[in-house]
Structures are given as structure tokens and as C-alpha cells.
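One-letter residues, chain by chain:
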Amino acid sequence: MTRINVLVIGSGGREHALCWKLRQSPELGELYCAPGNGGIAEAATCVELKVEDAAAVIEFCRRHDIGLVVVGPEAPLVAGLVDRLEAAGIAAFGPSAAAAQLEGSKGFTKDLCAENGIPTAAYGRFTEAAAAKAYVGQMGVPIVIKADGLAAGKGVIIAESLAQADEAIDDMFGGGFGAAGAAVVIEEFLVGEEASFFALSDGETILPMATAQDHKRVGDGDTGPNTGGMGAYSPAPVMTPALEARVVREIIEPTVRAMAARGMPYRGVLYAGLMITADGPKLIEYNVRFGDPETQVLMMRLESDLLEALLAVAQKILSNVRLTWYPDVALTVVMAAKGYPGAYDKGSEIKGLSEAAAVPGVQIFHAGTTRQDGRILATGGRVLNVTARGRTVAEAQARTYAAVDKIHWPEGFCRRDIGWRAIAREKEATTT
Ligand code: AMP
Ligand code: GLY
């Protein structure tokens, strides 16, 4: 058997989880990660590579006989890294720049939904403020105002009053969101429970993966500002098998078909952010990459060989792959630097990681750390993803917080209620 050398692009908890899982593949040769972090260094060889420099990435791949590049974050996908790699004859996991518009342009996705009858919030697309404000006047509040382009998860404002809506519109057109705000999407406020659904596609075949729920607000009880995600679990109990089948039939399949028909087949992982409304599932947004921290819980539950699945996507032979999952629940808690999502300090030392990792069922993924003289230092906002499997959400949560409590890092914090919604459901199920 020829083993395959793999290069993972990225430096977060998502990439640590991907590297950790790839490492378990019998087909894996050498594993590299660019740039990686202090935890990834235990699973892969971290390399300094400017990932914006496609020529440098190609050169690295040739020198190290890379058989698959796995692109973690959206920016290099939207910038066309996969197109460049494929043109150079290097297999890559992730969509082309054209297909990455599903995340790179909210207007693109909304128009695609409208043309294909995919359920989503009613919307308007605007390039100047007066028309946008007139639409808000017509729709009423609450209403959702979004910068069209990539805004690192910060381009969405939920306006509760007309004054707030006008202010958000002026801010976006005034350059408050950079180039991402040159066009604005205004959409109906959806009411329901949010869930995420992940599926692989090679442009034609769709392979559902799993569901998850994130916790976007920084504070306990879902309070405070939005973040990149403070914790997650999988599966999402709200997503019954019947709902999942509907999501595939009504949302994922028409999307993959429409992208192929447009000559931009979608290859990679499709991450659908959903609102489960009284009328059924509606698409809030697509991401063209794995979720962070959702990937950490997905990888803990995946039994099958990840490398084989990702290669099959790149080689367009996904119909050959079946995925099996552990029946367990997985839950992850994000430990962040105090101050996040605002300003925070870097460089504080984290201790107790090996004691924490020894808690049964626990795996610790690093999101923003560096290794210096054998010490682990915090270098980011979201710093660690303490993750555990359990038979129930309550068990996974108890194991996760038992591990969190063994970590000594006075400069950090985490939410103490990750999984609350699912645990309430479990309690309800056992008492009725
Ligand atoms: P997005 O960046 O599109 O995921 O939006 C960030 C968050 O804003 C979502 O996770 C939702 O919580 C919320 N959101 C976005 N669009 C809507 C909508 N149309 N209705 C209600 N909430 C929304
Ligand atoms: N956890 C949210 C995201 O990956 O976009």
C-alpha cells in the first residue's frame, strides 16, 4: 500500500481535530500542518508557509510529495487556493473559488435559494442605503442586516428597532465592514432553534455526516456578544431523522444540483446553518468548510477513516464511501483568553493539560497556543477546546468540565453551561 502524505492548512482547533483524526488512518504517510499550533505539533509536523502564497504551497507539496491538501478555513478557499493546487495536479479537499461563493457571498446563496425553491428567510439585496432602508420600512422589525462578503462572523446585525436598522445600514455602506459591506442583504428574522448540518459532496454524490449545535454568545445562558463559538455538541437532538432527511432533500440536494448546473460543482464539506422553524428547516447560511468548534465534536464521533473520505471527495469517487459513527455524544467547551471576543492578552502559560487529558473520554484540541521550551502559551482568543465523548450529553458534559477543572490557566475563562439545551431535553425525556 502506498501511503499518502497530507498537508492541512490552518491553525485552529478545527485543524487540530482534523490532524488528530487523519493521524489514525492506516493510509497516512507524513502529516504536515501550515502553520499549525502548539497542540497540532503533537499530531503533525508544523511548517511555516504563507498560505496566501499559492506558489509557495505548490512548491512545498511538490517537495514533500503531498497526495492531498486539506484546506481548513474559508479565506484561502474563497481566494482560489484549491483551483491553483488542482491546476498544478495536486489533489485538494475543498471547493473552488467559484463554488466557495456559497460562503463568500451571501447574496449569491440567497439568489441560488430563490431560483431553486430552497427554504430560507425572505430577503432583499442592496447596493445603496436608501433602497435598503425602504425595504426595512416595508418588512418591519426585528430584521436581519448582513454584509454580503466575508466578515469573520461579524457581519450580521439583528436590529430590534428601525433606528438600529438604519444605523446598521449606514455603518455597512459607510465602510464599517470593509469591502464585505459594499453590498448588503436584508432578511426576515427567523424564529426557531438553530442547528448545523454537515455533508460531504464530490460535486455529484452527497454523503451526510452529522449534526451539531454551537453556542455563539460569550456568556452563560446565551448572553453577551457573539463569538466564533464557545462550545458545541453532536448530534443535535432537535434534528430527528425525519428532519435530517428533509434537510437533505429540500436544501442540500437542490444546492449541489444547482451548483453543478452552473458549472461550479461543489466539492468539499457543505456546512448548513439551519433554523428549525414551525414551517420546517430553513437555511440561514452556508459555510464551505468544517465548523469550528463543531469539527472537534464530529471527529470524536467519526469511526470511519477520515483520509479515505476526504480523498474520495477530491477524486470524485464519494459514492464508494460509507461513514460509520460512534453512537456516543461528543461535547466541546472552548477555553478563551479573558477579554475575548474583545481585546485580550497573549503569552500566558497554561498548565495541567496532561492531567486534564487523562480524564476518561477526554481529548484536548488546541485552538490558539504555541509551544515554547516545553511550555504551552496562549496566543489567541479561543485557545483550547476541551472535548469528551459520553453516552449522554450530561455524561459528556461532566467529563469535559472535570477536565476543564484540572487546567490551570488564570488568564482564561469558559462558559459553564455548554449543552444546556440538550441536557434539558434529556431530563425531560427521562421524567416523562
Ligand atoms: P450567520 O453569520 O449568517 O451565521 O449569522 C450569525 C447568526 O445570526 C446566526 O447564527 C443566527 O443566530 C443569526 N441569524 C442570521 N440570520 C438570521 C435570520 N434570518 N433570522 C434569525 N437569526 C438569524
Ligand atoms: N462555529 C461557527 C463556524 O465555524 O462558523
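Shown above is the structure to which this text applies.
Residues numbered from 1 in each chain as written. Chains lettered and ligands numbered in written order. Predicted model: local features only at pLDDT ≥ 70, side-chain atom pairs only at ≥ 80, totals over all residues. Heavy atoms only, no water.

A.B. asks: Outline the nonpolar core, supporting the account with residue identities and numerical values.
C.D. replies: Most often, soluble globular proteins keep nonpolar side chains buried together rather than apart. Counting 51 residues, the largest nonpolar core has L7, V69, L85, L102, M239, I252 and L274 as the members making the most contacts within it. Considering each element in turn, this core owes the most residues, eight residues, to helix α9 (residues 241-261). If we skip the residues at most four places from it in the chain, L274 touches E193, E194, A195, F197, M239, V247, I251, K282, L283 and I284. Counting 46 residues, the second-largest nonpolar core is a separate cluster that includes M209, L302, L323 and A330. (Core = buried A, V, L, I, M, F, W, Y, C linked by side-chain atoms within 4.5 Å. Buried < 20%, exposed > 50% of the residue type's maximum accessible area, 1.4 Å probe, protein only. Helix = DSSP H or I, 4+ residues; strand = E, 2+ residues; numbered from the N terminus. Contact = heavy atoms within 4.5 Å.)

A.B. asks: Give a description of the side chain of T369 that names residues and reports values.
C.D. replies: Along the chain, T369 falls in strand β20 (residues 369-372). Of note is the side chain of T369, whose polar atom sits 2.9 Å from the side chain of H366. (Polar contact = N/O pair within 3.5 Å; in protein donor to acceptor, adjacent residues only side chain to side chain.)

A.B. asks: Which residues make up the site of ligand 2, and what values go with them?
C.D. replies: Neighbouring residues of ligand 2: D214, G228, Y271, N287, R289, G291, D292, P293 and E294. For ligand 2, whose accessible area on its own is 200 Å², the fraction buried by protein is 87%. Per-class residue counts for the shell around ligand 2 are two nonpolar, three polar and four charged. (Near = heavy atom within 4 Å. Areas by Shrake-Rupley, 256 points an atom, 1.4 Å probe, with all protein chains shown as cover. Nonpolar A, V, L, I, M, F, W, Y, C, P; charged D, E, K, R; others polar.)

A.B. asks: Describe the pattern of salt bridges, listing the residues and the values that go with them.
C.D. replies: Applying the stated rule across the entire model yields 23 salt bridges. Because the salt bridges share partners, they merge into one network encompassing E74, E103 and R289. (Salt bridge = Lys/Arg side-chain N within 4 Å of Asp/Glu carboxyl O.)

A.B. asks: I'd like a description of the site of ligand 1, backed by residues and values.
C.D. replies: Neighbouring residues of ligand 1: 15 residues in total, closest E187, L190, E194, K216 and E285. At 3.0 Å from a nitrogen atom of ligand 1 is found a side-chain nitrogen or oxygen belonging to K146. Within the backbone of L190, a nitrogen or oxygen atom sits 2.8 Å from a nitrogen atom of ligand 1. In isolation ligand 1 has 470 Å² of accessible area, and contact with the protein removes 90% of it.

A.B. asks: Quick rundown of unusual backbone geometry? Include the residues and the values.
C.D. replies: Looking along the chain, the bond that leaves A34 and enters P35 is cis, with omega of -5°. Tracing the sequence through the fold places P35 in strand β2 (residues 28-35). Of note in the backbone geometry, D222 takes a positive phi value of approximately 55° without being a glycine. Residue position: D222 is located in the loop between β12 (217-219) and β13 (223-226). The backbone of D373 shows a phi angle near 50°, a positive value even though the residue is not glycine. One can find D373 in the loop between β20 and β21 (375-378).

A.B. asks: I'd like a rundown of the sheet that holds strand β9 (residues 184-188), residues and numbers included.
C.D. replies: The four strands lie next to each other as β6-β9-β7-β8, forming an open sheet whose pairing is antiparallel. The open sheet has two free edges, formed respectively by β6 (123-126) and β8 (156-159), since each of these has just one partner strand. Sheet twist, expressed as the mean angle between neighbouring strand axes with direction ignored, is 20°. Here strand β7 (residues 143-147) runs beside β9; their pairing, made up of five bridges, is antiparallel. Following the sheet pairing, V144 is matched in β9 by E187. Against the sheet, helix α6 (residues 106-116) contacts β6, β7, β8 and β9, and its axis sits at roughly 135° relative to β6. Across the face of the sheet, helix α7 (residues 129-139) comes into contact with β6, β7 and β9 while running at roughly 165° to β6. (Pairing = 2+ DSSP bridges. Axes fitted to C-alpha atoms, helices over the stretch in contact; angles between N-to-C directions.)

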